[in-house]
Protein chains: 4
Amino acid sequence: MSRYEAIREECRAANAALPASGLVDLTFGNVSVCDREAGVFAIKPSGVAYSALKSEDMVIVDFDGRVVEGTLNPSSDTPTHRRLFLGFPGIRSVVHTHSRKAVAFAQAARGIPLLGTTHADYFRGEVPVTRALTACEISDAYEWETGNVIVERFEGLDPMEIPAVLVRNHGTFAWGPSGAKAVENALALEIVADMAFHALTLDPSAKSPSLALSERHFLRKHGPTATYGQA
Amino acid sequence: MSRYEAIREECRAANAALPASGLVDLTFGNVSVCDREAGVFAIKPSGVAYSALKSEDMVIVDFDGRVVEGTLNPSSDTPTHRRLFLGFPGIRSVVHTHSRKAVAFAQAARGIPLLGTTHADYFRGEVPVTRALTACEISDAYEWETGNVIVERFEGLDPMEIPAVLVRNHGTFAWGPSGAKAVENALALEIVADMAFHALTLDPSAKSPSLALSERHFLRKHGPTATYGQA
Amino acid sequence: MSRYEAIREECRAANAALPASGLVDLTFGNVSVCDREAGVFAIKPSGVAYSALKSEDMVIVDFDGRVVEGTLNPSSDTPTHRRLFLGFPGIRSVVHTHSRKAVAFAQAARGIPLLGTTHADYFRGEVPVTRALTACEISDAYEWETGNVIVERFEGLDPMEIPAVLVRNHGTFAWGPSGAKAVENALALEIVADMAFHALTLDPSAKSPSLALSERHFLRKHGPTATYGQA
Amino acid sequence: MSRYEAIREECRAANAALPASGLVDLTFGNVSVCDREAGVFAIKPSGVAYSALKSEDMVIVDFDGRVVEGTLNPSSDTPTHRRLFLGFPGIRSVVHTHSRKAVAFAQAARGIPLLGTTHADYFRGEVPVTRALTACEISDAYEWETGNVIVERFEGLDPMEIPAVLVRNHGTFAWGPSGAKAVENALALEIVADMAFHALTLDPSAKSPSLALSERHFLRKHGPTATYGQA
């Protein structure tokens, strides 16, 4: 049995959770899970249906981008995942989706504004949208550069406090400490995009609540003062 | 067997009905059911998945906020539920959700206007939205103060005739004489929010029908002249 | 066995089809089926869950409004159904729903414009919206008067060619030659309301296609020149 | 066994996939699959429920429009399918739907603009909308002329690179090298229509990304430089 069996299985389970959560259509999404000690991550193979995925189908890639184990092609988006693992040392799993309401914001080139406590429970501020990639970035190493513009966009932001991003005219990336939590963050992103879409349709100048309210909610669920859930 | 077995089970069943009704995503919602004679209420434990809930997991809390029975942490929103049981003596159950279309109104800081008979069948007038909480209210005893602004908003309104409210930039609270009926009111709230959203998109100045019509519908289902349903 | 067994069962099956079709929430809808020779119709009992309905629960009412058979209260909307059976001699079944997108148009006090062939396949022109009822009409015999404003609205229109209507600020009525076909018409109404909602959001001045196109579609499915389906 | 058994079965399976994919309501859709060597195509019979379809119900029609095998009436839209097989030599299957968001664009007389990579993965540019048919075209050979305006609209466009179209005020046609792939293209069309609808509601002047980005995505999945999927 592979020494990577644990991350393979965590990766398979998180990928399988995508269609069940309504986050992906067709094969528009993928999850990776990394083992930082071993310096590798497991990632979905490209273009394979979620329901057919087996643990051994996951491709093991190292942080230099070499396939270490696996006979299938890894996801086209592998270099983006790799860039995020390198740029955000606190994360263990990355999820990419084209979830529909979040994509609507990405296509409108807008971040998702913090309009309420549902958002504040998960994201400590607006979920940002990246700049457009240049023609050079697209022609050279497109998927790697996609990771670069994400990391660039997080200058001054903490990826542990805002665990998702919109890539302009493209889709979403979310991350977390485990496959399950990264998928949960991707789902929370779609939910708050849906709520924000409808709030902004009702009132295009809808405002964020006070910082007092959003901080209260974020800190109720995160950090040393968190009280949410069971001990 | 606990003397609170009946409200525990009613509370569990009502919580379990939330995801089936489409009212909650992830764990964004909770139901409580009270026993006024005993001076306590049962409430969902914090952050536990609905499908896993057992009757004995419900936490029993008294009207002073002390946990009377149960080993799990009660919902973070427990003080809000308690405030509503104290402020609205006619109710037996409280439901909190982040149901999506209702939240859109809360994030746009708008009540849900009475635009038709579906609304009038359940709510005798606009479903109001609270004012924003002050920074002091948020930092002191946030969840209790959330209950306070709801009770404040109902000055001059009858909570038995408008069994729901939107908390600004947050979510919904609904209530009723039983867990099942409180969940039904929360569902009716989401349905009328959905209908109002689309009506207002078609016509931002959509008007309420005549009071004659809305009263006729409300009183067909409520009060001594009700004719709806079976005797 | 009741001589009305056939319409009872047809009525039960059509009522049971409502939630499966997504047309009703909670108990917001009902179907009736008539036997014109016998001068009666079967209708859903008031406030009973669809899944629990048995054939023998259907209430048999005559065209003067008297309950002929059955121990349950008939739907509150019974007088509206009766008025439609009297006013539209060609129909055998009436469906009432609060289906959401159609209600949005009713709450915006707009008919559903004919914007495409999906609409034209079912409705030979705009699906009209009634005027508001007067206070007198509402206080006297509200449900009967609801039927009256529908029949009034169809002056100059053929209910066999436009088998549905929106009641302003209320909901929908649809009809047809059988319970199944009336439910299909109610479903087509909701579908075209959904399509029209989104088309009008994209372009508030969206126009009807040529009469040549809509007539071609309507007549492909209806009347002596119909070619759709199997002989 | 019929020599056309393979295309009958492929056609049946693709038709059966339509309601499961959410692309069709009632019986608003059909798929055909052709055998170019034999000069025939299999197509859904008119007005038959998808769940009831058997392989032997598919009607075999030749490229002159004559029924070669089958006892049921072929779909009313058969001449449109035939026109597309003749006009677009590279395709093997055609799908017609009234999928809701795509129809909203067709009813607003707008093509679906390329706003993001989801679109670019499937369609190399805007999905176009046809002109309206003239009264003569509608009265003469309506379904054949529908195919003509589609072929006319593709002057200067490559149907292999934009495998779908909106017929103004009507519905969608999509195509592909197999029944399954044509249905996938029809589903992708509905998904990108849904995303574009919401993006345009957020920002009516939402712009296409750079050609560099859309070309990169299209060519990642199509043509000799494609890298997506497994070898």
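For the structure itself, consult the block above.
Note that this is a predicted model, so its numbers are computed, not measured.

Student: Looking at this structure, how should I read the overall build of chain A?
Tutor: For chain A, the helix and strand inventory stands at 7 helices and 7 strands. In chain A, the order of α-helices and β-strands from amino to carboxyl end is α-β-β-β-β-α-β-α-α-α-β-β-α-α. The C-alpha atoms of chain A give 17 Å as radius of gyration, which agrees with the globular expectation for 231 residues (17 Å, within 12%). Along the three orthogonal principal directions, the C-alpha set of chain A runs to about 50 × 50 × 30 Å. Expressed as a percentage of its 231 residues, the buried residues of chain A come to 60%. Contacts in chain A between residues far apart in sequence, at least 24 positions, make up 64% of those at least 6 positions apart. Carbon together with sulfur atoms contributes 53% to the accessible area of chain A, which is approximately 8200 Å² in total.

Student: Is there a simple way to explain unusual backbone geometry in this structure?
Tutor: The phi torsion of most residues other than glycine is negative, and most of the peptide bonds are trans. Positive phi is not limited to glycine here, since B:Ala109 has a value of about 60 degrees. Relative to the elements of secondary structure, B:Ala109 occurs in the loop between α3 (100-107) and α4 (117-122).

Student: Which parts of the structure should I look at to understand the side chain of D:Gln107?
Tutor: With respect to the element layout, D:Gln107 can be found in helix α3 (residues 100-107). Here D:Gln107 falls in the buried class, since its relative accessible area comes to 4%. Ignoring sequence-local partners within four residues, the contact set of D:Gln107 consists of C:Leu115, C:Gly116, C:Met195, C:Ala196, C:Ala199, C:Ala206, C:Lys207 and D:Asn169.

Student: I'm lost on the interface of chain C and chain D in this one. Help?
Tutor: Note on interface size: it is often stated as the accessible area lost on association of the parts. Contact residues are listed per partner, giving 32 residues for chain C and 31 residues for chain D. Both sides of the chain C and chain D interface together cover about 2700 Å² of buried area, and 58% of this is carbon and sulfur. The tally of links between chain C and chain D comes to 4 salt bridges. Where chain C packs against chain D, one counts 11 residue pairs in polar contact (both at pLDDT 80 or more). Counting residues per element, the ones that place at least two in the side of chain C that touches chain D are α4 (117-122), α6 (179-202) and α7 (211-221) of chain C.

Student: Honestly, the environment of B:His217 in this entry has me stumped. Any pointers?
Tutor: Summarising the element assignment, B:His217 is placed in helix α7 (residues 211-221). Placed 138 residues apart in sequence, B:His217 and B:Pro79 show a C-alpha to C-alpha distance of 34 Å. Those residues within four positions of B:His217 in sequence are excluded, and the remaining contacts are B:Thr117, B:Ala120, B:Asp121, C:Tyr142 and C:His170. In this structure the side chain of B:His217 is engaged in a polar contact, spanning 2.6 Å, whose partner is the side chain of C:Tyr142.

Student: Which parts of the structure should I look at to understand the relation of the copies chain C and chain D?
Tutor: The pair of chain copies shares a relation made of a rotation about an axis and a shift along it. Overlaying chain C on chain D yields an RMSD of 0.0 Å, the required transformation being a rotation through 90 degrees with an accompanying axial translation of 0.0 Å. Such a combination of rotation and displacement between the chain copies is what one expects of a four-fold axis. Measuring from the rotation axis to each C-alpha of chain C, the shortest distance belongs to C:Thr201, at 5.3 Å. Take the interface residues of chain C: only 3% of them recur as interface residues in chain D, which is what a contact between different surfaces looks like.

Student: Is there a simple way to think about the relation of the copies chain A and chain D in this case?
Tutor: When chain A is fitted to chain D, the residual RMSD is 0.0 Å, and the transformation amounts to a turn of 90 degrees plus an axial shift of 0.0 Å. In this assembly the copies use different faces: only 3% of the residues contributing to the interface of chain A also contribute to that of chain D.

Student: Explain the interface of chain A and chain D to me, please; I cannot follow it from the model alone.
Tutor: Counting residues at the interface gives 31 residues for chain A and 32 residues for chain D. Between chain A and chain D, a total of about 2700 Å² is buried, with carbon and sulfur atoms accounting for 58% of that surface. Per-residue buried area on chain A facing chain D is highest for A:Arg100, A:Gln107 and A:Asn169; these three make up 22% of the total on that side. Across the salt bridge formed by A:Glu143 and D:Arg220, the nearest N and O atoms sit 2.6 Å from each other. Counting residues per element, the ones that place at least two in the side of chain A that touches chain D are α3 (100-107), α5 (135-153) and α6 (179-202) of chain A. Broken down by element, the side of chain A that touches chain D gets its largest block of residues, 6 residues, from α3(A).

Student: Whenever I open this one, α7(C) confuses me. Can you help?
Tutor: Given 3.6 residues per helical turn, the α-helix brings residues three or four places apart onto the same face. Three or more residues of α7(C) are buried, namely C:Leu213, C:Ser214, C:His217, C:Phe218 and C:Arg220. When α7(C) is viewed along its axis, its buried side chains cluster within an angular range of 160 degrees and face the same direction. Turning to α7(C), the residues buried within the fold contact α4 of chain C together with α5 (135-153) of chain D.

Student: I'm lost on the pattern of salt bridges in this one. Help?
Tutor: Pairs may arise between side chains of opposite charge once their charged atoms sit close together. On inspection of all chains with the given rule, the structure shows 64 salt bridges over all chains. Residue B:Arg66 is joined to B:Asp62 by a salt bridge in which the shortest nitrogen-to-oxygen separation is 3.2 Å. Assessed through its relative accessible area of 12%, B:Asp62 is described here as buried. Where C:Arg100 meets B:Asp194, a salt bridge forms, and the shortest distance between an N and an O atom there is 3.2 Å. Placement of the pair is C:Arg100 in helix α3 (residues 100-107) and B:Asp194 in helix α6 (residues 179-202), with the two residues belonging to separate chains.

Student: So what exactly am I meant to see when it comes to the state of the cysteines here?
Tutor: Every disulfide links exactly two cysteines, by a covalent bond between their sulfur atoms. Residues and elements named next belong to chain A. Going through the model one piece at a time under the given rule, you end up with 0 disulfides over all chains. As a non-bridged cysteine, cysteine 34 has cysteine 11 as the owner of its nearest cysteine sulfur, 11 Å distant. What makes cysteine 34 buried here is its relative accessible area of 1%.

Student: Can you walk me through the packing of α6(C) against α3(D) in this structure?
Tutor: The relative placement of two packed helices comes down to the angle between their axes together with the axis-to-axis distance. It is at 8 Å that the axes of α6(C) and α3(D) come closest, and there the two elements cross at 55 degrees. Taken together, α6(C) and α3(D) sit at an angle that is classed as oblique. As for the relative orientation of α6(C) and α3(D), their crossing is right-handed in sense. For the pair formed by α6(C) and α3(D), the contact residues are C:Ile191, C:Asp194, C:Met195, C:Ala196, C:His198, C:Ala199 and C:Leu202 on the first element and D:Arg100, D:Lys101, D:Val103, D:Ala104, D:Phe105 and D:Gln107 on the second. Grouping the amino acids of the contact of α6(C) with α3(D) by side-chain chemistry returns 8 nonpolar, 2 polar and 3 charged.

Student: Explain the arrangement of the chains to me, please; I cannot follow it from the model alone.
Tutor: There is a clear gap between chain A and chain C: no contact, and 11 Å between their nearest C-alpha atoms. Structurally, chain B and chain D remain out of contact, their C-alpha atoms never closer than 11 Å.

Student: Explanation requested: the environment of B:Ala182 in the structure shown.
Tutor: Residue and element names in this part refer to chain B. Secondary-structure assignment places alanine 182 in helix α6. Once the C-alpha coordinates of alanine 182 and serine 93 are considered, the two residues, 89 residues apart in sequence, prove to be 6.0 Å apart. Apart from the residues within four sequence positions on either side, alanine 182 is in contact with Ser93, Val95, Ala174, Trp175 and Gly176.

Student: Quick question: what am I supposed to make of the sheet that holds strand β4 (residues 67-69) of chain A here?
Tutor: Hydrogen bonds along the backbone pair up the strands of a sheet, which may run parallel or antiparallel. All names here are of chain A. The 7 strands are arranged β4-β3-β2-β1-β5-β7-β6 in an open sheet whose pairing can be described as antiparallel. Strands at the two margins of the open sheet, each flanked by one partner only, are β4 and β6 (164-166). If you compare each strand with its neighbour and ignore which way they point, the axes differ by 25 degrees on average. Sheet topology note: the β6/strand β7 (residues 172-176) ladder contains 3 bridges and is antiparallel. In the strand pairing of β7, leucine 166 is matched with threonine 172. On top of the sheet, α6 reaches β1 (29-35), β5 (93-97), β6 and β7; it is set at about 140 degrees to β7, its chief contact.

Student: What is the right way to look at helix α6 (residues 179-202) of chain D in this model?
Tutor: Its 24 residues give α6(D) an end-to-end C-alpha distance of 35 Å, which sits within 8% of 34 Å, the value for a rise of 1.5 Å per residue. The buried fraction of α6(D) is high, at 20 of 24 residues.

Student: Help me understand the pairing of strand β5 (residues 93-97) of chain B in this model?
Tutor: Along any regular strand, the residues point their side chains to alternate faces of the sheet. Residues and elements named next belong to chain B. Burial within β5 is extensive, with 5 of its 5 residues counted as buried. The two faces of β5 match: Ser93, Val95 and Thr97 on one face and Val94 and His96 on the other face are all buried. Two elements, strand β1 (residues 29-35) and β5, share 5 bridges in a ladder whose sense is antiparallel. Looking across to β5, one finds that serine 32 is bridged to valine 94. As paired strands, β5 and strand β7 (residues 172-176) are joined by 5 bridges and run antiparallel to one another. Bridge pairing in β7 places valine 94 opposite tryptophan 175.

Student: What is the right way to look at the sheet that holds strand β1 (residues 29-35) of chain C in this model?
Tutor: Residues and elements named next belong to chain C. Ordered by their spatial adjacency, 7 strands build an open sheet running β4-β3-β2-β1-β5-β7-β6, and the pairing between neighbours is antiparallel. Two strands lie at the open edges of the sheet, namely β4 (67-69) and β6 (164-166), each paired on one side alone. Within the sheet, the average angular offset between the axes of one strand and its neighbour, ignoring direction, is 25 degrees. Its contacts with the sheet put α6 on β1, β5 (93-97), β6 and β7 (172-176), and the angle it makes with β7 is roughly 140 degrees.

The rules behind each value
- Residues numbered from 1 in each chain as written.
- Chains lettered and ligands numbered in written order.
- Predicted model: local features only at pLDDT ≥ 70, side-chain atom pairs only at ≥ 80, totals over all residues.
- Heavy atoms only, no water.
- Helix = DSSP H or I, 4+ residues; strand = E, 2+ residues; numbered from the N terminus.
- Rg over C-alpha atoms; globule rule 2.2 N^0.38 Å.
- Buried < 20%, exposed > 50% of the residue type's maximum accessible area, 1.4 Å probe, protein only.
- Contact = heavy atoms within 4.5 Å.
- Areas by Shrake-Rupley, 256 points an atom, 1.4 Å probe, with all protein chains shown as cover.
- Buried area = accessible area lost by both parts, 1.4 Å probe.
- Salt bridge = Lys/Arg side-chain N within 4 Å of Asp/Glu carboxyl O.
- Polar contact = N/O pair within 3.5 Å; in protein donor to acceptor, adjacent residues only side chain to side chain.
- Least-squares fit on C-alpha atoms with pLDDT ≥ 70 in both.
- Arc of directions from axis to C-beta.
- Disulfide = S-S within 2.5 Å.
- Axes fitted to C-alpha atoms, helices over the stretch in contact; angles between N-to-C directions.
- Parallel < 35°, antiparallel > 145°, perpendicular 65-115°, else oblique.
- Left-handed = near helix turned anticlockwise from the far one by under 90°.
- Nonpolar A, V, L, I, M, F, W, Y, C, P; charged D, E, K, R; others polar.
- Pairing = 2+ DSSP bridges.
- Expected span 1.5 Å × (residues − 1).

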